Amino acid sequence: MAGSYSEGAHAANSGKREQFGSRFLNDPAHVFHHNAWDNVEWSEEQAVEAAKKVRENSAQRVPQEKQVDYEINAHKYWNDFYKIHENGFFKDRHWLFTEFPELAPSPNQNHLKGLLSENKRSEILECRSSEDGPDLTEEQQECSSKSLREKKQAPSVEKNVTERLGHLEICDEFPGSSATYRILEVGCGVGNTVFPILQTNNDPGLFVYCCDFSSTAVELVQTHSEYDPSRCLAFVHDLCDEDKSYPVPRDSLDIIILIFVLSAIVPDKMQKAVDRLSRLLRPGGLMLLRDYGRYDMAQLRFKKGQCLSENFYVRGDGTRVYFFTQDELDTLFTAAGLEKVQNVVDQRLQVNRGKQLTMYRVWIQCKYRKPLLSSTG
Ligand SMILES: C[S@@+](CC[C@H](N)C(=O)[O-])C[C@H]1O[C@@H](n2cnc3c(N)ncnc32)[C@H](O)[C@@H]1O
C-alpha cells in the first residue's frame, strides 16, 4: 500500500485539518526520519485496498445472541478492561488544548461565559464588542460576531436566549450550579481528559462533570489524588439510557466533550444519545468530538468474524468500536439541532522506526454549536 503525500497548502484546500498538521512528508524516502506525519493524502490505490479489506472483514457477522450479550453487558466488558489496565492504557491528552482551546479559555472569555450563565444578557451584548480581541479563537470570533449580527437582525433571538436561561433559575440547585463555566465529559474513562482540564484551567468558576457507564472507571476517577469534589463531579451514567437523566438541567452546559466514546455505542442508539446531550448545552454552547474515522488502521486490522454491523466491530475483550465518516457525524449533530463549526479529518501516518512499520490513522474531529435560537426539543 503506497501512500502519496501532500503539502500543507494542499491539505488546507481539500478540507483536511490544518491546526494539527505541521509536519508533512514531501519525500516518501524520508518516511522513517520522524515518528509521525500530518495530513497524509491517501492514494486511490490505497483507498481501494482499504475498502477491500473492510469488505473482507465484514463478510461474516457476529451471531445475534453474541451481539445481544455485547450490548446488554457492554458496561461489564469495559469494567473488565479497566480492571486490567486501570489508568495505564489511554494517555493523558495534552493535545486537547491545541485542538480545543475552549477547554482552557482565558479569564476574559470565562468572564464572558459567566455572564451568559448568570443570565445577564444585556451585559454580555455590551461586553462582546470590547472582548472580541485577538486572543479569541477564529471560531469564537465568528460565534461572537454572528451573535451580534443576530442581535441586530432578530430581536426574537435575545428573547429566546433569555427564556432558555430563565430555565436555570427554576432548577437553581444542582451540583456545580454556582459555577460560571460548566464542562461535561461523557465516557470519561479514568479521567485522561478531565484531569488535564482541571490542572490547566484555573478559572475559579469552572466546574467539570464527567461520567462513564463503567463503575470501575468512575471509581478510579473519584479516588485519583487530584479529584476535588468542589471542582468536579464524576458519576456513573450510560449515555444510551433514556430513562436516566444527567444531574444538570437543560441549557446549562458550556461544553460537552466526546472523546472516542460515541464510537463505543451501538449505531442505532447514537442519535438519541446526541439529542439528549444537545438539550443540556446552553445556547451558544459547544459539543466537541474526536473519534475514529472510516478506514483507520484499527478498522483494517479486524479479522473476519469480529464485525457486528457495517463499520461496527467487537474487539477481543468484548468492547466495541464504530468507524465514522465526516458526513455521518454531521448528520448526527445537525439532526440534534447543532450547527457545524468544525468537522475535519485527521489523516496521520504514524511510524515505528525501530520495526520500520507504517500505520495510517484516520481520526475525525468535530465542533458543533447550539444556536442561540435553538429548537432542541
Ligand atoms: C475508548 S474509551 C475512551 C475513554 C476516554 N474518553 C479517553 O479518551 O481516554 C471509551 C469509553 O466510553 C465508555 N462508554 C462506552 N459506552 C458507554 C455508554 N453507553 N455510556 C457511557 N460511557 C460509555 C467506556 O467505558 C470507555 O471508558
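The name an unreviewed UniProt entry assigns to the chain is tRNA N(3)-cytidine methyltransferase, from the organism Orycteropus afer afer. Per UniProt, the comment on the chain under Sequence similarities (unreviewed entry) is "Belongs to the methyltransferase superfamily. METL family."

**Student:** Can you explain the site of the ligand? Please cite residues and give values.
**Tutor:** Near the ligand you find 20 residues, and of these Tyr-82, Arg-93, Gly-187, Asp-212 and Asp-238 are the closest. The separation between an oxygen atom of the ligand and a polar side-chain atom of Asp-212 is 2.6 Å. Alone, the ligand offers 590 Å² of accessible surface; in the complex the protein occludes 98% of this.

**Student:** Kindly report on the UniProt feature "domain: Methyltransferase type" (unreviewed entry) in the chain, identifying the contributing residues and their values.
**Tutor:** What UniProt calls "domain: Methyltransferase type" (unreviewed entry) maps, in this numbering, to residues 184-286. With 25% helix and 27% strand, the stretch residues 184-286 has end C-alpha atoms that lie 11 Å from each other.

**Student:** Describe in detail the nonpolar core, supporting the description with residues and values.
**Tutor:** Generally speaking, nonpolar side chains in soluble globular proteins are found buried as a group. Within the largest apolar cluster, 60 residues are counted, with the highest numbers of intra-cluster contacts made by Leu-184, Tyr-246, Leu-262, Leu-277 and Phe-333. Examining the composition of this core, we find that six residues originate from one element, strand β11 (residues 357-369), more than from any other. Apart from the residues within four sequence positions on either side, Phe-333 is in contact with Leu-258, Val-274, Met-287, Leu-289, Leu-338, Cys-366 and Tyr-368. Among the nonpolar cores identified, the runner-up in size contains 24 residues, and Cys-188, Ile-197, Ile-255 and Leu-286 belong to it.

**Student:** Describe the pairing of strand β2 (residues 181-186), with residues and values.
**Tutor:** Within a regular beta strand, the side chains point alternately toward one face of the sheet and then the other, so they alternate between its two faces. Burial analysis of β2 places six of its six residues in the buried class, which makes it a mostly covered element. Burial along β2 is two-sided: the face carrying Tyr-181, Ile-183 and Glu-185 and the face carrying Arg-182, Leu-184 and Val-186 are both buried. In terms of strand pairing, β2 meets strand β3 (residues 206-212) through six bridges, oriented parallel. Directly across from Ile-183, in β3, lies its bridge partner Val-208. In this view, the connection linking β2 to its parallel neighbour β3 by way of helix α10 (residues 194-200) has right-handed handedness.

**Student:** Quick one: what's the story with the packing of helix α4 (residues 74-85) against helix α11 (residues 215-222), residue by residue and with numbers?
**Tutor:** It is at 7 Å that the axes of α4 and α11 come closest, and there the two elements cross at 45°. Taken together, α4 and α11 sit at an angle that is classed as oblique. Between α4, through Asn-79, Tyr-82 and Lys-83, and α11, the contact on the second element is made entirely by Ser-215, Thr-216, Ala-217 and Leu-220. Class assignment of the residues belonging to the contact of α4 with α11 gives a composition of three nonpolar, three polar and one charged.

**Student:** Could you give me a rundown of the pattern of salt bridges, with the residues and numbers involved?
**Tutor:** The full count for this structure, using the stated rule, is 14 salt bridges. Across the salt bridge formed by Lys-52 and Glu-56, the nearest N and O atoms sit 3.8 Å from each other. With Lys-52 and Glu-56 both in helix α2 (residues 44-58), this residue pair falls four residues apart, about one helical turn. Glu-102 is the salt-bridge partner of Lys-367, the closest N and O atoms lying 3.0 Å from each other.

**Student:** Could you give an account of the packing of aromatic side chains, naming the residues involved and the relevant values?
**Tutor:** Tallied over the entire structure, the rule returns 14 aromatic pairs. Aromatic pair Phe-302 and Tyr-313: ring centres 4.5 Å apart, planes at 10°, arrangement stacked. Of this pair, Phe-302 sits in the loop between α13 (297-300) and β7 (307-309) while Tyr-313 sits in strand β8 (residues 312-314); the two residues are 11 residues apart in sequence, bridging distant segments of the chain. Its relative accessible area of 0% is what places Tyr-313 among the buried residues. Among the aromatic side chains, those forming a connected cluster through ring pairs are Phe-260, Tyr-292, Phe-302, Tyr-313 and Phe-323.

**Student:** Summarise the sheet that holds strand β9 (residues 320-322); cite the residues concerned and give the values.
**Tutor:** Hydrogen bonds along the backbone pair up the strands of a sheet, which may run parallel or antiparallel. Across the sheet, which stays open at both edges, the three strands sit in the order β7-β8-β9 with antiparallel pairing between neighbours. On the outer flanks of this sheet lie β7 and β9, each paired with one strand and no other. For this sheet, the mean inter-axis angle between neighbouring strands, taken without regard to orientation, is 30°. Strand direction decides the pairing type here: β8 and β9, joined by three bridges, are antiparallel. Bridged to Phe-312 within β9 is Tyr-322.

**Student:** Account for helix α12 (residues 270-280), with residues named and values stated.
**Tutor:** Because each turn of an α-helix spans 3.6 residues, side chains separated by three or four positions in sequence point in the same direction. What α12 keeps buried is the set Met-270, Ala-273, Val-274, Arg-276, Leu-277, Ser-278 and Leu-280. Against β2, β5 (253-259), β6 (281-292), β9 and α14 (326-335) lie the buried residues of α12.

**Student:** Could you give me a rundown of the side chain of Arg-320, with the residues and numbers involved?
**Tutor:** Relative to the elements of secondary structure, Arg-320 occurs in strand β9. At 2.8 Å, the side chain of Arg-320 and the side chain of Glu-71 are in polar contact. Every residue in contact with Arg-320, bar those within four places of it in the chain, is listed here: Tyr-70, Glu-71, Ala-74, Ser-263, Ala-264, Val-266, Leu-308, Phe-312, Tyr-313, Val-314 and Arg-315.

**Student:** Describe the packing of helix α3 (residues 64-72) against α4, and please don't skip the residues or the numbers.
**Tutor:** Interhelical geometry of α3 versus α4 gives an angle of 65° and a closest axis separation of 4 Å. Between α3 and α4, the angle falls in the class roughly perpendicular. Touching Lys-66, Asp-69, Tyr-70, Glu-71 and Ile-72 of α3 are Ala-74, His-75 and Tyr-77, all from α4. Here the residues of the contact of α3 with α4 sort into four nonpolar, one polar and three charged.

**Student:** Account for the pairing of strand β10 (residues 339-352), naming residues and giving values.
**Tutor:** Alignment of β10 against β11, held across 13 bridges, turns out to be antiparallel. From the neighbouring strand, Gln-350 faces β11, where its bridge partner is Met-359. Hairpin connection of β10 to β11: four residues between the antiparallel strands, including Gln-356 at a positive phi of 55°.

Conventions and cut-offs
- Residues numbered from 1 in each chain as written.
- Predicted model: local features only at pLDDT ≥ 70, side-chain atom pairs only at ≥ 80, totals over all residues.
- Heavy atoms only, no water.
- UniProt positions renumbered as here; feature names shortened; annotations may be inferred.
- Near = heavy atom within 4 Å.
- Polar contact = N/O pair within 3.5 Å; in protein donor to acceptor, adjacent residues only side chain to side chain.
- Areas by Shrake-Rupley, 256 points an atom, 1.4 Å probe, with all protein chains shown as cover.
- Helix = DSSP H or I, 4+ residues; strand = E, 2+ residues; numbered from the N terminus.
- Core = buried A, V, L, I, M, F, W, Y, C linked by side-chain atoms within 4.5 Å.
- Buried < 20%, exposed > 50% of the residue type's maximum accessible area, 1.4 Å probe, protein only.
- Contact = heavy atoms within 4.5 Å.
- Pairing = 2+ DSSP bridges.
- Right-handed = clockwise from strand over helix to strand, strands pointing away.
- Axes fitted to C-alpha atoms, helices over the stretch in contact; angles between N-to-C directions.
- Parallel < 35°, antiparallel > 145°, perpendicular 65-115°, else oblique.
- Nonpolar A, V, L, I, M, F, W, Y, C, P; charged D, E, K, R; others polar.
- Salt bridge = Lys/Arg side-chain N within 4 Å of Asp/Glu carboxyl O.
- Phe/Tyr/Trp six-rings, centres within 6.5 Å; stacked < 30°, edge-to-face > 60°.

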